[in-house]
Amino acid sequence: MDDTLHLHEKVKELLYSFTGITLTENKDIMISNRLHKLKRNASFHGSLDDLLEAIKEGNYKTEFINAFTTNKTHFFREEFHFADLKNRVLPELLKHNQDVKLYCSASSTGEEPYSMAMTILETQEELGKKINATIIATDIDTNVLQYAANGIYRFSKSSKEFPSWLKPQKYFKKRVEKNLASEEILIKVKPELQKMVTFQVMNLNDANYPFAKNQFDVVFCRNVLIYFSAIDQEKILFRLFRHLKIGGTLYIGHSESPGKLEAYVRRIGQNIFIKEKEVS
Ligand SMILES: C[S@@+](CC[C@H](N)C(=O)[O-])C[C@H]1O[C@@H](n2cnc3c(N)ncnc32)[C@H](O)[C@@H]1O
């Protein structure tokens, strides 16, 4: 086997064993770039093969995982899910005066759980009713979790990330920084939003999740299943599903599918599912 191919196979094996992520074909350039960057950042002086051996023995494991996750996200991505949360899920839950528990299972740099939190505060204002909401947000990548907890975001002034029904100025404070380009702003999430979200590290590939059965009213599992094989996607979805209440809502990403979970849910919108039955 040629050297590069051998190295890339090793990366794929290690990444799969640590995270469950399956790197598909045509990822050679990405693997090379990330591997070289990892070596530089770790100031590792041996060969790439030595580095992979060290990782296999448990050194640089976190750095390796962080290097090979893809963290693309933005505020109110697939906005219709947040509109559904505001217009259907929260008003319905409030009829029963419940505390609301939400889970964001691949939160990346935090834009998704903070979008959930903003949606809750908007709904609360609109309905004139207090919502006792807790949002748990997890990811396997410790760098993005740190970024999310800091809650500082760089924006282009012309950004159209926020929906028309929300004024972002309510939830962010502008920060001054010398090195900003003229079309950029730096914003920090206000404490009121920050305290609604708890960030913690978690691997979706673990056999068990640290949550109670039927704990959540809402589960977001968006744009993460695509990194797993079909078999592993199914395992993750079924595992997550146990923690969703009957009648609770599951949101998955636009290019993801519920697979065999379809038998236990009712589809009510674009990748929006209501849990109807318990899985065995
Ligand atoms: C493309 S981002 C999606 C972020 C957000 N959910 C969205 O839809 O915009 C995928 C995230 O999944 C995380 N991830 C990948 N494998 C994971 C695993 N095994 N356990 C937990 N998170 C994982 C990555 O670190 C990354 O932050």
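In what follows, the structure referred to is the one given above.
Quantities reported herein were computed from a predicted structural model and do not represent experimental measurements.

Cut-offs used in this document
Residues numbered from 1 in each chain as written. Predicted model: local features only at pLDDT ≥ 70, side-chain atom pairs only at ≥ 80, totals over all residues. Heavy atoms only, no water. Helix = DSSP H or I, 4+ residues; strand = E, 2+ residues; numbered from the N terminus. Buried < 20%, exposed > 50% of the residue type's maximum accessible area, 1.4 Å probe, protein only. Contact = heavy atoms within 4.5 Å. Expected span 1.5 Å × (residues − 1). Arc of directions from axis to C-beta. Near = heavy atom within 4 Å. Polar contact = N/O pair within 3.5 Å; in protein donor to acceptor, adjacent residues only side chain to side chain. Areas by Shrake-Rupley, 256 points an atom, 1.4 Å probe, with all protein chains shown as cover. Nonpolar A, V, L, I, M, F, W, Y, C, P; charged D, E, K, R; others polar.

Chemist: Honestly, the environment of leucine 204 in this entry has me stumped. Any pointers?
Modeler: As for its position among the elements, leucine 204 is in the loop between strand E6 (197-201) and strand E7 (216-221). Residue class for leucine 204 comes out buried when judged on its relative accessible area of 5%. Ignoring any residue separated from it by four or fewer positions in sequence, one finds leucine 204 in contact with Tyr103, Ser105, Tyr209, Val224, Ile236, Arg239 and Leu240.

Chemist: Is there a simple way to explain helix H2 (residues 28-41) in this structure?
Modeler: Since the α-helix packs 3.6 residues into each turn, any two residues three or four apart lie on the same face. Across its 14 residues, H2 extends 20 Å between first and last C-alpha, which sits within 8% of the 20 Å expected from 1.5 Å per residue. The complete set of buried residues in H2 reads Met30, Ile31, Leu35 and Leu38. Projected down its long axis, H2 carries its buried residues within an arc of 120°, all on one side. In H2, those exposed residues whose orientation departs by more than 90 degrees from the buried face are Ile29 and Arg40. Structurally, H2 contributes buried residues whose contacts are with helix H1 (3-19), helix H3 (48-56) and helix H4 (61-68). Within two residues after H2, serine 43 carries a phi angle of roughly 50°, on the positive side.

Chemist: What is the right way to read the site of the ligand from this model?
Modeler: Neighbouring the ligand are 22 residues, the closest being Thr73, Arg77, Ala106, Asp139 and Asn223. Residue leucine 204 places a main-chain N or O atom 2.8 Å away from a nitrogen atom belonging to the ligand. The contact in question runs from a nitrogen atom of the ligand to an N or O atom on the backbone of arginine 222, over 2.9 Å. If the ligand stood free it would expose 610 Å²; the protein chains cover 99% of that surface. The class makeup of the residues in the shell around the ligand is 8 nonpolar, 8 polar and 6 charged.

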